[in-house]
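Spelled out from the first residue to the last, the chains are:
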Amino acid sequence: MKTFILRRLVMTVVLLFMVALTVFLLGHLSGDPVRLMVPEDATERDIANLRRELGFDRPLAVQFVDFIARVARGDLGTSLRYRKPALGLVLERMSATVELSTAAMVIALLVAIPSGIISALRPGSLADTITSHISIIGQALPPFWIGIMLIILFAVQLHWLPAAGRGDPGSLVLPAITLGLWPMARLARVLRSSLLDVLHEDYVRTAKAKGLAERDVLLGHVLRNSAIPVVTVAGLTYGTILGGTVITESVFAWPGVGRLALEAVYNRDFPLVQATVFVAAFVFVGINFALDLMYGWLDPRIRLR
Amino acid sequence: MPGAAGAGLRASSLRRRRAWGLFRRPQAVLGLAALTLVIVIAIGASFIAPHDPYVQSLDERLRPPFWSGGNLAHPLGTDQLGRDILSRLIYGARISMAVGLAAVLISGSLGVAAGVTAGFYGGLVDEGLMRLVDLRLALPFILLVIAVIAVFGPSLLNLIVILGLTGWAPYARVVRAEVLSIRERELVTAARALGASDGRLMIRHILPNTLASAIVIGSLELAQMIVTESALSFLGLGVQPPTPSWGSMLGEGRDYLLTSWWLATFPGLAIALTAVAINLVGDWLRDLLDPRLQL
């Protein structure tokens, strides 16, 4: 088990290093990072001075080493617009995004688990057909369209829920449903196919032949064994939506990290854009690492490889 | 190699039989019909559209659809600058399809090439590619795309290039796995024994066998690309005005939701229906060509 953890840890650190390299290179993609930071009417002399001041005239390798050193200290640059450390700004908005993503996953699981189970237990039935069709559509519909439609229906026409912003608990409902629709559809499908796979296994047939009631078979054998791929996909989906809240946050004016990144792009605040990409990737890699460990714990066959 | 050839023949006639099963799946037929309609509209936009999508008209501003108080000159109404919505929807189909197909072709070519190379050579090349895939998947797609747009500025061409260069990972992963199994097959050993070079092996023997999976992934990615272009245009970071894009129409219509609902509803429906149609066709293609693919 220890070698497993160690190997995964090393791979994770290498990956984080590559993420840092990519974020660093993002700024240099256009050839001159200083131009990204100055207003359009800056003179050549101002640009040259700024370049010297910020150290962009040094060799690339030197700049990168410096970048890594600063990242290790927690310095992800300073926001040009807010004139505050970029990392701090991202972390400030993190709680809003986590709140939204978690609510979305909870809604997704609450619907996906029962419907996945029903679909798998009665394949081909009306319930299964309906669930499958809704899943296909749910995975395909663009979230920003769903968000706007929900706003039109529930906020504008019915006045039941607020149209935007983060305030009372009711304001979480529409954005969470919008964000949670894709995970809901995906998880229902994954759960259904995972359950169907397990239901055909020999040990399930044996359990039923032994005379166990269907419910006991389900709880004792089937659900546990089909949980592994579902938990993995659920974790990965959570990581994905954490980084993908840009659209939903924009539609609902939700004050999270996604919207922060968007505003940074509009304001040509490149250090802030870089910081958001880095933090989002960092969180995703962290979640993946935790999932790897959990997967290793849940499925002994993995750690012994 | 009679066995391999025989298996190939049997597989393709099986596929043909399963293809006709299409008609037993109404949703796939619907999807295919809708998609064909969108493509025809996109190609024939200049003939089909009743008006020029760029022409503004200050006295025709914000006219409702014809069933809601408007007239048949502008069947789906007009927008805030008096431009005909139906015509803009039609030309928008062209933009969506063009961006989607171009991005899929670029990313698909890159991904398949990478996957075949990695799967074929194995070892360090393979390890390197897998780490690159991990890296690409660790960076959140939409954030990555808007970060690159922040560097190069928003434009139609930039969008196609960016989407094309960032979408290669799904193809690479799946194709590589396929190549790993194809590599061991008799036909490869035989071709090698006959003196085929690496390049010839990869292009003539291995590549054709990976195309089925690549097409399935490509069809699902097409929907993803079209939705992403719409989303970025919605945010003002994609196709720039006045070029008609469903996404930017939706974005502009957002300010008029309370009063002129038709500005946002029709482009939104267009995006949603196109995305669903492509997904239905993609699902059917997957069941037909490679049911093992778990996407």
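Rules of the game
Residues numbered from 1 in each chain as written. Chains lettered and ligands numbered in written order. Predicted model: local features only at pLDDT ≥ 70, side-chain atom pairs only at ≥ 80, totals over all residues. Helix = DSSP H or I, 4+ residues; strand = E, 2+ residues; numbered from the N terminus. Buried ≥ 20, exposed ≤ 12 C-beta atoms within 10 Å, placed from the backbone. Contact = placed C-beta atoms within 7 Å. Nonpolar A, V, L, I, M, F, W, Y, C, P; charged D, E, K, R; others polar. Axes fitted to C-alpha atoms, helices over the stretch in contact; angles between N-to-C directions. Left-handed = near helix turned anticlockwise from the far one by under 90°. Parallel < 35°, antiparallel > 145°, perpendicular 65-115°, else oblique. Expected span 1.5 Å × (residues − 1). Bend = angle between axes of the 7 residues up to and from the residue. Core = buried A, V, L, I, M, F, W, Y, C linked by C-beta atoms within 7 Å. pLDDT = per-residue confidence, 0-100.

### Concerning the overall build of chain A
1) Next: Each helix and strand in chain A was counted, giving 14 helices and zero strands.
2) Next: Projected onto its principal axes, the C-alpha coordinates of chain A cover approximately 85 × 60 × 30 Å.
3) Next: Counting over 305 residues, chain A shows a buried share of 38%.
4) Next: Sequence-distant contacts, at least 24 apart, represent 71% of the contacts inside chain A between residues at least 6 apart.

### Looking at the overall build of chain B
1) Next: In terms of regular secondary structure, chain B is built from twelve helices and zero strands.
2) Next: For chain B, the succession of helices and strands along the chain, N to C, is α-α-α-α-α-α-α-α-α-α-α-α.
3) Next: Sequence-distant contacts in chain B: of pairs separated by 6 or more residues, those separated by 24 or more amount to 71%.

### Focus: the interface of chain A and chain B
The extent of an interface is frequently quoted as the accessible surface area lost upon association of the parts.
1) Next: Counting from both sides, the interface comprises 36 residues of chain A and, opposite them, 37 residues of chain B.
2) Next: Of all the secondary-structure elements, those providing two or more residues to the side of chain A that touches chain B are α1 (2–28), α6 (126–140), α7 (143–157), α11 (246–251), α12 (257–266) and α13 (270–298) of chain A.
3) Next: Top element by residues in the side of chain A that touches chain B is α13(A). It accounts for eight residues.
4) Next: Taken together, the residues that form the side of chain A that touches chain B break down as 28 nonpolar, eight polar and no charged.

### Examining the packing of helix α5 (residues 123–138) of chain B against helix α8 (residues 169–182) of chain B
Residue and element names in this part refer to chain B.
1) Next: Running from N to C, α5 and α8 cross one another at 145°; their axes reach a closest spacing of 10 Å. At the point where α5 passes α8, the crossing takes the left-handed sense. When α5 is examined against α8, the residues Leu129, Val133, Arg136 and Leu137 are found in contact with a partner set consisting of Ala169, Ala172, Arg173 and Arg176.
2) Next: Its residues placed into classes, the contact of α5 with α8 shows five nonpolar, no polar and three charged.

### Things to note about the packing of α6(A) against helix α12 (residues 262–289) of chain B
Between two packed helices, what matters for the description is the angle formed by their axes and the separation of those axes.
1) Next: Two elements in contact, α6(A) and α12(B), have axes separated by 8 Å at closest approach and are oriented at 120°. Between α6(A) and α12(B), the interaxial angle falls into the category oblique. By crossing handedness, the relation of α6(A) to α12(B) is classed as right-handed. Contact with α6(A), carried on its side by A:Ile136, A:Ile137, A:Gln139 and A:Ala140, involves B:Ala275, B:Val276, B:Asn279, B:Leu280 and B:Asp283 of α12(B) and no other residues of that element.
2) Next: When the residues that make up the contact of α6(A) with α12(B) are grouped by side-chain class, the tally is six nonpolar, two polar and one charged.

### Some details on the environment of B:Leu220
All names here are of chain B.
1) Next: Locating leucine 220 in the fold gives a position in helix α10 (residues 198–234).
2) Next: C-beta crowding within 10 Å serves as the criterion here: with 22 such atoms nearby, leucine 220 is assigned to the buried category.
3) Next: For the pair leucine 220 and proline 140, spaced 80 residues apart in sequence, the C-alpha to C-alpha distance is 19 Å.

### Here's the deal with unusual backbone geometry
1) Next: In this chain, B:Pro241 is followed by B:Pro242 through a cis amide linkage whose omega measures 5°.
2) Next: With respect to the helices, strands and loops of the structure, B:Pro242 is situated in the loop between α10 and α11 (246–253).
3) Next: Unlike most non-glycine residues, A:His159 shows phi in positive territory, near 55°.
4) Next: With respect to the helices, strands and loops of the structure, A:His159 is situated in the loop between α7 and α8 (170–199).
5) Next: A tally of 9 C-beta atoms within 10 Å means that A:His159 is categorised as exposed.
6) Next: Of note in the backbone geometry, A:Arg268 takes a positive phi value of approximately 50° without being a glycine.
7) Next: Mapped onto the elements, A:Arg268 comes out in the loop between α12 and α13.
8) Next: Judged by local crowding, A:Arg268 falls into the partly exposed class, with 16 C-beta atoms found within 10 Å.

### Section: helix α5 (residues 86–121) of chain A
1) Next: Helix length check: α5(A) (36 residues) gives 50 Å between terminal C-alpha atoms against 52 Å at 1.5 Å per residue, within 8%.
2) Next: Taken as a whole, α5(A) carries its principal kink of about 35° at A:Met94.

### A word on the nonpolar core
1) Next: In this structure, A:Ala261, A:Val277, B:Ile146 and B:Ala275 are the most contacted members of the largest nonpolar core, which totals 156 residues.
2) Next: Excluding residues that lie within four positions of it along the chain, A:Val277 makes contacts with A:Val23, B:Leu139, B:Leu143, B:Leu144 and B:Ala147.

### Observations regarding the confidence of the model for chain B
1) Next: This prediction gives chain B a mean pLDDT of 85; 90% of its residues lie at or above 70.
2) Next: By mean pLDDT, helix α1 (residues 2–20) of chain B is the weakest element of chain B at 57, and helix α4 (residues 85–121) of chain B is the strongest at 93.

### Here we look at the environment of A:Arg51
All names here are of chain A.
1) Next: When you line up the elements, arginine 51 lands in helix α3 (residues 44–54).
2) Next: Considering only alpha carbons, one finds arginine 51 and leucine 25, 26 residues apart in sequence, at a separation of 16 Å.
3) Next: Sequence-distant contacts of arginine 51, that is, excluding residues within four places in its chain, are made with Val34, Phe56 and Asp57.

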